[in-house]
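Chain residues, written in single-letter form:
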Amino acid sequence: MKTLTLAVAMATTILFTSGAAQAESAADLNDLQIAHVAYTADNIDIRYAYLALAISQNPDIHQFARTMIRDHTAVNEQALALLQKLKADPQDNFLSKALTKDSNVLIDEMSKLRGNAFDRRYAGNELAYHKAVNNLVENTFIPNIDNVEVKVLFEAGLKIFKIHEGHAAMMVKKISK
Ligand SMILES: [Fe+2]
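Residues numbered from 1 in each chain as written. Predicted model: local features only at pLDDT ≥ 70, side-chain atom pairs only at ≥ 80, totals over all residues. Heavy atoms only, no water.

Enquirer: Describe the environment of N76, with residues and values.
Expert: With respect to the helices, strands and loops of the structure, N76 is situated in helix 3 (residues 59-85). The class for N76 is buried, based on a relative accessible area of 5%. Residues N76 and N43 lie 33 residues apart in sequence; the distance between their C-alpha atoms is 8.3 Å. When residues no more than four places from it in sequence are discounted, the contact partners of N76 are A38, Y39, D42 and N43. (Helix = DSSP H or I, 4+ residues; strand = E, 2+ residues; numbered from the N terminus. Buried < 20%, exposed > 50% of the residue type's maximum accessible area, 1.4 Å probe, protein only. Contact = heavy atoms within 4.5 Å.)

Have a look at this one:
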C-alpha cells in the first residue's frame, strides 16, 4: 500500500538525478510530460481494476472497479482528444517511469492474493493511490500547467478522482469491519 504513495511523495519532494546529472522534480515537468503522467496514472488504476474484477468475489469491489474503468477511460479519452487538437504528443518522463515500475511490482504482489486478503490490499491501495495522485495533481500539476485547456481538464479530473478517493475510504472501512 505504501509503495506508490512513497514513489509519488519521493518524486515530488526529492530531486531525482538521472545519468546526465540532470535534476528532475515533478514541479519541473512541462504540460506534455504532466499529460503523460496523468495518462499513465489513469491506466495504472484501470489495470488494478481489471485485476480486481478477475480476482475479487466482493460485489462492492466489483462495482468500484467498474467505476474506475469507466471514469479513468473517459478522462483519458478526453485528454487524448485535447492533445490531438493541440497537435501534441504526451512525453514520457522520470515520473511516469517510476509510477509504472511501482505498479508492476504491486500488480505482481496483488495477483498472488485471494479472498479478503486481496480485497483489503486492493481497497487500501486505491485509497493510498488516489490520495497520492490527487495531492500531486492539486498541489503540483494544476499550479504548474501553462495551457488553459489542459488545466481545465485536470481540474475536472481532480473532482472525479476526489470522489473516487472518498469511495475508496468507505470501501476500506466496510471491508475492515
Ligand atoms: Fe480512480
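Enquirer: Pulling in residues and values, what's your account of helix 4 (residues 94-111)?
Expert: With 18 residues, helix 4 extends 26 Å from end C-alpha to end C-alpha; this agrees with the ideal 26 Å at 1.5 Å per step. Among the residues of helix 4, F94, L95, S96, A98, L99, D102, S103, L106, I107 and M110 are the ones counted as buried. One side-chain oxygen at the N-terminal end of helix 4 lies 3.0 Å from the backbone nitrogen of L95; it belongs to N93. (Expected span 1.5 Å × (residues − 1). Polar contact = N/O pair within 3.5 Å; in protein donor to acceptor, adjacent residues only side chain to side chain.)

Enquirer: Outline the packing of aromatic side chains, listing residues and values.
Expert: Taken as a whole, this structure holds four aromatic pairs when the rule is applied. Judged by centre distance (6.0 Å) and plane angle (5°), the ring pair of F118 and Y122 falls under stacked. Of this pair, F118 and Y122 both sit in helix 5 (residues 115-144), separated by four residues, roughly a single helical turn. An identical accessibility class is assigned to F118 and Y122; each is buried. Measuring from ring centre to ring centre gives 6.4 Å for F141 and F154, while their planes differ by 85°; the resulting arrangement is edge-to-face. Highlighted residues: F141 in helix 5 and F154 in helix 6 (residues 148-176), separated in sequence by 13 residues. Here F141 falls in the buried class, since its relative accessible area comes to 1%. Among the aromatic residues, ring-to-ring pairing joins F64, F118 and Y122 into one connected group. (Phe/Tyr/Trp six-rings, centres within 6.5 Å; stacked < 30°, edge-to-face > 60°.)

Enquirer: I'd like a rundown of the coordination of the iron ion, residues and numbers included.
Expert: Distances from the iron ion to its protein donors, D45 (OD), M68 (SD), H72 (NE2), H130 (NE2) and H164 (ND1), fall at 2.0 to 2.6 Å. In the primary structure, the donors to the iron ion are separated according to the pattern D-x22-M-x3-H-x57-H-x33-H. One end of the pair, M68, is in helix 3; the other, H130, is in helix 5, with 62 residues separating them in the sequence. Each member of the pair, M68 as well as H130, is classed as buried. (Donors = N, O, S within 2.8 Å, 3.2 Å for Na, K, Ca; no water.)

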